[in-house]
Amino acid sequence: MNTDHIAIPGPSVGTQHALTLMRFGKTGARPQVYIQAALHADEIPGMACAIVLRRRLESLERGGALRGEVVLVPVANPVGLAQAVLGSEIGRFDLASGVNFNREHAALGEALVERVRAALTMDRDKNTVLVREALADLIAALPAQTPAEHLKKALLAMAAQADIVLDLHCDAEAVVHLYTTSHSAGTFAPLAARLRALAYLIADVSGGDPFDEALSRPWAELAAAIPDKPVALGCHATTVELRGQNDVSSALAEADATAILAFLQDVGVLAGQADPAPDALCEATPLAASEPIVCPVGGVLTFRHDVGATLRAGEPVADVTDPISGAVTTIPSPCDGVLFARVMGRFTRPGRRLGKVAGRVAHRTGKLLGA
Ligand SMILES: [Zn+2]
């Protein structure tokens, strides 16, 4: 294992953060898989999984099992991890700007098309190399001033060179679920099955420019813009939500690492044949069919269903009780589907999203991801 550190400038004079990345296998070997944990800094299940991945990858490397290269970043957001307000970690948003660390990543498709249009050939593999070099140049030229901007740029630069990217997150309270694009749904289906995901959410453009899309979309947009040249989808990326914030245990971390390492065998980064992936617990469904459960009133929140429950449209999913009047408002499920995530707090306010249901019929438009 080789370890590298990338300096991230701090918010003011005299401070600095550092990103630590661990490389397993021969530098430059393909396929390359990039795995990062806790882009939303205080999402610990992925970090716990990364601890196990590091230990097992070191052992696999010693045993000569690395065919490609694995790049592991166990703490993807030291900027957010350093944020705390009154004893609570604030990892989802950059406190200085209010921007979500997993939104507003660079959309490089158009610039990529312009940059490589004249240089693409009829050789698909050479085009892949050319596109990776062009992406590296475009990312190097991105403006960055704040720590969050430097962080996003550094993560993007590393991940853009990978064939496969796993961005490990978690939700508030949740079952395992994954997000990816239609172009990569087949690639990650075995991973979703191995992780026993109960929702597999597909969108080509989710509207929020999350990290995974910043990596995969430029390739899809290039292929669409220049259809007469062979362009591979050189980077498949997925956001993997490893349950809820408090679902941290050695047993879960070991099980998730086992699933991910088997997937690394599926894609040829690790030698050997993994056991066949089990039957998927869910099918891929459009992210545009995933419905938030919106609460119209404030009060004490009690759920009638745990995460993972299969709901019918209109079925009561929660009750909100006004603690002064005693009035009870029953909140129905917005659609048929799986309740894959819910909030952690048990006091709610009008307009708050209480959870998410993975439906099958796509009808939402615009920004499909929540805040
Ligand atoms: Zn997250």
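Please read all numbers here as calculations on a predicted model, not as lab measurements. (Residues numbered from 1 in each chain as written. Predicted model: local features only at pLDDT ≥ 70, side-chain atom pairs only at ≥ 80, totals over all residues. Heavy atoms only, no water.)

Right, let's get into the nonpolar core. By size, the foremost hydrophobic cluster in this structure holds 40 residues, and its most contacted members are Y34, L155, V165, F211, L215 and L222. If you list the elements that add at least two residues to this core, you get β2 (16-24), β4 (69-73), α3 (109-116), α4 (124-140), α5 (147-159) and α7 (211-225). If one sorts the elements of this core by residue count, α5 sits on top with seven residues. Residues contacting V165, with those up to four places away along its chain left out, are Y34, A159, F188, F211, L215, C235, H236, A237 and T238. One finds A50, V176, L195 and C282 within the second-largest nonpolar core, a separate group that totals 39 residues. (Core = buried A, V, L, I, M, F, W, Y, C linked by side-chain atoms within 4.5 Å. Buried < 20%, exposed > 50% of the residue type's maximum accessible area, 1.4 Å probe, protein only. Helix = DSSP H or I, 4+ residues; strand = E, 2+ residues; numbered from the N terminus. Contact = heavy atoms within 4.5 Å.)

Protein-derived ligands of the zinc ion are H40 (ND1), E43 (OE), E43 (OE) and H169 (ND1), with the metal-ligand distances lying across 2.0 to 2.5 Å. Going along the chain, you hit the donors of the zinc ion in the pattern H-x2-E-x125-H. Linking H40 in the loop between β3 (32-37) and α1 (44-62) with H169 in strand β7 (residues 164-171), this pair joins segments that are 129 residues apart in sequence. Classification of H40 as buried rests on a relative accessible area of 3%. Taking relative accessible area as the criterion, H169 reaches 1% and is therefore assigned buried. (Donors = N, O, S within 2.8 Å, 3.2 Å for Na, K, Ca; no water.)

So, on to the domain arrangement of the chain. When the domains of the chain are assigned, the result is domain 1 (2-282) and domain 2 (286-358). Computed over C-alpha atoms, the centres of domain 1 and domain 2 are 31 Å apart. Around 1,200 Å² of area is buried between domain 1 and domain 2 when both sides are counted, 64% of it from carbon and sulfur atoms. Considering only the side of domain 1, the residues that lose the most area to domain 2 are E173, V175 and L201, jointly responsible for 42% of the buried surface there. Inspection of the domain 1/domain 2 interface yields three salt bridges. (Domains from an automatic or database assignment. Buried area = accessible area lost by both parts, 1.4 Å probe. Salt bridge = Lys/Arg side-chain N within 4 Å of Asp/Glu carboxyl O.)

Another aspect to go through is the packing of aromatic side chains. Inspection of the entire model under this criterion finds two aromatic pairs. Residues Y34 and F211 carry aromatic rings whose centres are separated by 6.5 Å and whose planes lie at 45° to one another, so their mutual orientation is tilted. Here Y34 is found in strand β3, whereas its partner F211 is found in helix α7, with 177 residues between them in sequence. With relative accessibility at 0%, the residue Y34 sits in the buried group. Overall, the relative accessible area of 0% leaves F211 in the buried class. Ring plane angle 35° and centroid distance 5.8 Å describe the contact between F188 and F263, whose orientation is recorded as tilted. Highlighted residues: F188 in helix α6 (residues 185-194) and F263 in helix α8 (residues 250-266), separated in sequence by 75 residues. (Phe/Tyr/Trp six-rings, centres within 6.5 Å; stacked < 30°, edge-to-face > 60°.)

Glancing now at the sheet that holds β4. Strand order in this open sheet of nine strands is β1-β2-β4-β3-β7-β11-β9-β10-β12, and the pairing throughout is mixed. Every other strand in the sheet has two partners, leaving β1 (2-9) and β12 (284-286) as the edge strands with one partner each. Between one strand and the next, the sheet's axes are offset by a mean angle of 25°, whatever the strand orientation. Sheet topology note: the strand β9 (residues 177-180)/strand β11 (residues 236-244) ladder contains three bridges and is antiparallel. Paired with L178 across the strands is V240, a residue of β11. On the sheet, α8 packs against β3, β4, β7 and β11 and is oriented at approximately 160° with respect to β7. (Pairing = 2+ DSSP bridges. Axes fitted to C-alpha atoms, helices over the stretch in contact; angles between N-to-C directions.)

When the charged atoms of two side chains lie near each other, side chains of opposite charge can form a pair. As enumerated under the stated definition, the model contains 22 salt bridges in all. Where K356 meets D171, a salt bridge forms, and the shortest distance between an N and an O atom there is 2.8 Å. Pair noted here: K356 is in strand β20 (residues 353-358) and D171 is in strand β7, with a separation of 185 residues, a long-range link. Exposure remark for K356: the relative accessible area of 26% places this residue in the partly exposed category. The salt bridge involving D336 is made with R312; its shortest N-O contact spans 3.7 Å.

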